[in-house]
Every structure is written in structure tokens, then in C-alpha cells.
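The residues making up each chain are set out below.
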Amino acid sequence: MDFKKHILCIGAGYVGGPTMAVIAYKCPHYKVTVVDINPARIAEWNSQELPVYEPGLDDIVREIRGRNLFFSTDIEKGIREHDIIFVSVNTPTKQFGVGAGQAADLQYWEKTARQILQFSGSDKIIVEKSTLPVKTAQAMQRILATGGDGVEFEVVSNPEFLAEGTAIDDLLYPDRVLVGSGNSERGLMARNELVEIYANWVPAERIITTNIWSSELSKLVANAFLAQRVSSINSISALCERTDADIDEVAVAVGMDSRIGNRFLEASVGFGGSCFKKDILNLVYLCRFYGLHEVADYWENVVKINQYQQERFVLNILNSMFNTLSGKKICLFGFAFKANTGDTRESPAIFIARRLLEEKAEVVVTDPKALVNAKKDLENVNGSLSYTGDPYEAARGCHAIAIMTEWDLYKGLDYKGIFQSMSKPAFIFDGRNILDHEKLFEIGFNVFPIGKPPLTHY
Ligand code: NAD
Ligand code: UGA
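Let me begin by describing the structure that accompanies this report. Predicted model only: the values in this text are computed from it and were never measured.

### With respect to the overall build of the protein chain
- When helices and strands are tallied, the protein chain shows 17 helices and 14 strands.
- Scaling as 2.2 N^0.38, a compact globule of 458 residues should have a C-alpha radius of gyration of about 23 Å, and the protein chain matches this with 24 Å.
- A principal-axis box enclosing the C-alpha atoms of the protein chain has dimensions of 80 × 50 × 45 Å.
- Going through the 458 residues of the protein chain one by one, you find that 53% of them count as buried.
- Of the contacts formed within the protein chain by residues at least 6 apart in sequence, a portion of 73% connects residues at least 24 apart.
- Positive and negative side-chain charges of the protein chain, numbering 48 and 58 respectively, have mean locations separated by a distance of 1 Å.

### Considering the site of ligand 2
- Inspection of the region around ligand 2 gives 20 residues, with Phe 161, Leu 162, Ser 268, Cys 275 and Arg 432 positioned closest.
- Taking Leu 162, its main chain carries an N or O atom lying 2.7 Å from an oxygen atom of ligand 2.
- Separating an oxygen atom of ligand 2 from a backbone N or O atom of Gly 272 is a distance of 2.9 Å.
- Isolated, ligand 2 exposes 700 Å² of accessible area, and the fraction of that covered by the protein chains is 90%.
- Per-element accounting of the shell around ligand 2 gives the leading share, four residues, to helix α9 (residues 212–243).
- Each residue belonging to the shell around ligand 2 can be placed in one class, and the counts come to 11 nonpolar, three polar and six charged.

### Observations concerning the site of ligand 1
- Taken together, 27 residues form the shell around ligand 1, and within it Asp 36, Arg 41, Thr 91, Thr 131 and Lys 278 come nearest.
- Tyr 14 is positioned such that a nitrogen or oxygen atom in its backbone is 3.0 Å from an oxygen atom of ligand 1.
- Thr 91 places a side-chain nitrogen or oxygen 2.6 Å from an oxygen atom of ligand 1.
- Notes on ligand 1: free accessible area 830 Å², of which the protein chains cover 92%.
- Of the residues forming the shell around ligand 1, the biggest block, three residues, is contributed by helix α5 (residues 107–119).
- Its residues assigned to classes, the shell around ligand 1 comprises nine nonpolar, 11 polar and seven charged.

### Here's the deal with the sheet that holds strand β13 (residues 427–430)
- The six strands lie next to each other as β11-β10-β9-β12-β13-β14, forming an open sheet whose pairing is parallel. A single partner strand is all that each edge strand has here, and the edge strands are β11 (385–387) and β14 (446–449). In this sheet, adjacent strand axes meet at a mean angle of 20° when their direction is disregarded.
- Contacts from helix α12 (residues 293–320) reach β9 (329–333), β12 (400–403), β13 and β14, with the element oriented near 165° to β13.

### Considerations on the nonpolar core
- Counting 42 residues, the largest nonpolar core has Ile 7, Met 20, Ile 23, Leu 69, Phe 86, Leu 194 and Tyr 198 as its most contacted members.
- Among the elements that make up this core, the one with the highest residue count is helix α1 (residues 16–26) (five residues).
- Sequence-distant contacts of Leu 69, that is, excluding residues within four places in its chain, are made with Met 20, Ala 21, Ala 24, Val 32, Val 34 and Ile 64.
- Ile 247, Ile 317, Leu 325 and Leu 357 belong to the second-largest nonpolar core, a separate cluster that totals 36 residues.

### Digging into the packing of α9 against helix α10 (residues 247–255)
- Put simply, α9 and α10 touch, their axes get as near as 9 Å, and they point 130° apart. As the angle between them shows, α9 and α10 are arranged oblique. Every pair of crossing elements has a handedness; the one defined by α9 and α10 is right-handed. Counting all contacts with α9, which are made through Ile 233, Ile 236, Ser 237 and Cys 240, the residues of α10 involved are Ile 247, Val 250 and Ala 251.

Cut-offs applied
- Residues numbered from 1 in each chain as written.
- Chains lettered and ligands numbered in written order.
- Predicted model: local features only at pLDDT ≥ 70, side-chain atom pairs only at ≥ 80, totals over all residues.
- Heavy atoms only, no water.
- Helix = DSSP H or I, 4+ residues; strand = E, 2+ residues; numbered from the N terminus.
- Rg over C-alpha atoms; globule rule 2.2 N^0.38 Å.
- Buried < 20%, exposed > 50% of the residue type's maximum accessible area, 1.4 Å probe, protein only.
- Contact = heavy atoms within 4.5 Å.
- Lys, Arg positive; Asp, Glu negative; His and termini not counted.
- Charge placed at Lys NZ, Arg CZ, Asp CG, Glu CD.
- Near = heavy atom within 4 Å.
- Polar contact = N/O pair within 3.5 Å; in protein donor to acceptor, adjacent residues only side chain to side chain.
- Areas by Shrake-Rupley, 256 points an atom, 1.4 Å probe, with all protein chains shown as cover.
- Nonpolar A, V, L, I, M, F, W, Y, C, P; charged D, E, K, R; others polar.
- Pairing = 2+ DSSP bridges.
- Axes fitted to C-alpha atoms, helices over the stretch in contact; angles between N-to-C directions.
- Core = buried A, V, L, I, M, F, W, Y, C linked by side-chain atoms within 4.5 Å.
- Parallel < 35°, antiparallel > 145°, perpendicular 65-115°, else oblique.
- Left-handed = near helix turned anticlockwise from the far one by under 90°.

Here you go:
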């Protein structure tokens, strides 16, 4: 078949895989290839067990894989044969040298730029899909300009706003698609190429175009604003616990103001995920680089409150359980950083498991999708740790349950039966406020929600 466009994506991760699957699904007249340096990952994309769990993803991939969606390790061939190259490699926080612990580590990104330069025999449009510090496109353009063989590259920014667990819906029905470009003739042509791709299924008014720096910065700012809302509500949850106010009632009252809006106001044990912390720290680093220290301090506090919330949760467990956890069995319901994903990157559960083990508690971890990752996250941690997929088995003999992830599964369990199987007094620390606290209290549990008065039998 003659395809109208040949699209390559470098990086077959949580973003590259689902994003390209949806482009290929919605655009049968385009050929879409996803490449990665990790052969195991590509093998998984070509198998029945995809490396990423996302509701709806399996069905799409099964339908179009081998038709116009391909997964491959041949990066060189991919670069040679495709005209539009999305780059969706990881951009973690730098762990060494200047900017360690804050700046984005751009080594994977730069390696990709050099590979593109090395293998391109014809003009290409390079699309920044990864989240990058503002002005990265300039560096990319400079590297690509060193070829000197007449091949021309145009870099555009097209950040991704999908959230894990809802990635397919977010991609099918995005709030907006953002394309940032230069305003030269070539820049505008590249921008139009991208707009044309999304116009296959996204309404025109939802596709916005900006200058390239606004686009790069908007991605960092969107994540910073989202994380800020979580830290805002979590900071108030601490005050609620001291004043007998109820955080859910406060969130409803505040969120009904249409200027504020009611989404992203769920108090929790803290936000996790691979991006919020890294992107805010990246923003903080940029602000410091430009000498804007007050601005940097402001955003850094969003991360500090998140850390405080997690530490507060552990101290609450410790204080409520008579100031010692030594030898007590505590089970974590959920390990993923949010529901409907197996991803555990920066999950608050990692920190909490470690802290409980430091207090010499015995920790049992259960999760419907994230146990493989949980085991990797905790493999070098000392202490008594066990894992099971069955929440009933996990809770048996435990002194306390701590809800870490808001999986629906945990809402409908037989808590009467669970209570009977636990050591007494039995505690529940609901780090997501998803359970019926009154009912649990009636069953006999001592219940500690987030941002609400505890319900105790003593
Ligand atoms: P990921 O770690 O899941 O995937 C990145 C992939 O890139 C890996 O499979 C890795 O092997 C591959 N890779 C690295 N260097 C390579 C190279 N030189 N050649 C080929 N492949 C290479 O990361 P992710 O979660 O998909 O995130 C990718 C980017 O998208 C990040 O910048 C992130 O901030 C951004 N982002 C992520 C999400 C999300 O929900 N995870 C959402 C929006 C944006
Ligand atoms: C987030 C953004 O929502 C996406 O738009 C963005 O593309 C993505 O980061 C990224 O750049 O990686 P994601 O991290 O997948 O998506 O998930 P979110 O739904 O944003 O949740 C992040 C964390 O905040 C989770 O731990 C979640 O449990 C927590 N959260 C969220 C709360 O504690 N309370 C809320 O009200 C909402």
C-alpha cells in the first residue's frame, strides 16, 4: 500500500507507544513505526503482553499492528525511511554534575539528535514529543545544522498531555493539541504537516499553534499547575485534621466556584508519577538559571508539600499505632502511583514502604497491576517484605491496612471478613479517601482518612 505520510517515533515508552497507536488507528493512510534501543521493550510491543497497561490500548494495537503500525529496533532504517520523526525518549532528572537533582538529563535526547543527523539522507521534520526545558529546540536545531550535506531539518514542539490510566481517551478526545514552531516558511510548513495529522480526528478549534518556546514552556507549566492543585488541597488536608473540618466538603465548596473548578482537588497521600516532580524541578532549575529565585522558591514548595504529605502519612500511622511499628504487619493496598496503571514511578507507596520498613514494620504489598514494578522498586530495601495479588490474603494477620492507590477493586471488598482476619485493634489509613469510613468504623476498624477527623474506638 502507498502511504501518504511516513511517521517514525523514537522511544517506545508510556508516551511513544500509545500516542503512535492512536495516530495509526485514526490515520490508516499513514505508516507509523515506533523504534527503541531496548529490544525487550520492542519484543513486548510485538507480543500479546504489551509493556504498558492502559485501558483500550490492547484492542487498538491488536487491530492495527502489522497493518500501518510497526514496532522495530532498527533505528537507522527508521530514520532513513521516514519524513516525520517524533522523539519521545525519556528526559529524567539529572543525577550528576551541574543541575543534579533538578535539571533535565538531556543525554538520551541529544543521542537521538546525533543519530538522526547520522542516518538522515533526506529532509526531515523533527517533533519534540518528550517534555523538555524551554529552548531545547534551539539546541536540537544547532546539532542538526552541523551535517553540512544539504539535508535540512525543522524542529517543532508537540508536547503530550495524556495522563496514564486514561491515555487512550486523552489521545482520542484531547482537550487541546499544541504545536509550536518557528515562523520561517519552513517552520510554518512543518507546523502545518503536524496540524494535518491531528486534524484527522481532533476538531480544528482544539489544535492550537504557538511559537516554539511557548509550546515547550506550556508543557512544564501545565504539569506545575496540576501538581500545585494537588499540593494545595493536600496542604489544607493537614489543617482539616487539626480543626475537624472535612477536606472533601471543603473541596466541593471551593470547587463549585466555576473560576476554580472541581477537578484535581482530591486530597491524597501525595502525587506520584514520572513527570510532576521532575517537570517542576526542571521549571525551578530554569527559573534559578535566569536569576528568578522568588519564582523558583514558589514552585519548589509544591514539591516540598508533596514530600511533607507523604511523611505526615507515615507519622500518622506511627502515632496512631501507639508510637511503635516494630514487628507489626502493615499491608499496602495498591502500589501504582494512580489507579488503572501498572506504573510505579515516583509512587508515594515506594517512600511509605521504605519508611515503614525503617520503623521495623513487616510490609505486605498488594496491587492488581503493579507488583512486578513494586518488586523492582523495593529490591534493595532491607526488611520483612512480601507481595501478593490477593488483597484478602495480604490483609490476613495484619495490624493495619494503608490505601495507597485508588483502585476501584478496593472499594468493593468484604471488609467485615477482612476485619475478622486481622490482628486487633485493626487500623485503616485511607490515603485516597475512597472507602466508606463510617461503615468501616461500625465494623470495628479504627479509621484514619486524609483531611478528616479519625474514627477511633479508643
Ligand atoms: P519511558 O521511559 O516510558 O520511554 C522512553 C523510551 O525511550 C524507553 O523505552 C527508552 O528505551 C527509549 N530510548 C531512550 N533513548 C533512546 C534512543 N537514543 N533511541 C531509541 N530509544 C531510546 O518514558 P515516557 O514515560 O514514555 O516519557 C517520555 C517523555 O514523554 C518524557 O519526556 C516525559 O516527560 C514525557 N511525557 C510522559 C508522560 C507519561 O504519562 N508517562 C506524559 C506526557 C509526557
Ligand atoms: C500528568 C498530567 O495529568 C498529564 O497531563 C501529563 O501529560 C503527565 O502528567 C505527564 O506529563 O507525564 P499522570 O502523572 O499520568 O499525568 O497522572 P495524573 O492523573 O495527573 O496524576 C498524577 C498524580 O497526582 C497521581 O499520583 C494522582 O494520584 C495524584 N492526584 C491527582 C491526586 O493526588 N489528587 C488529584 O486530585 C489528582
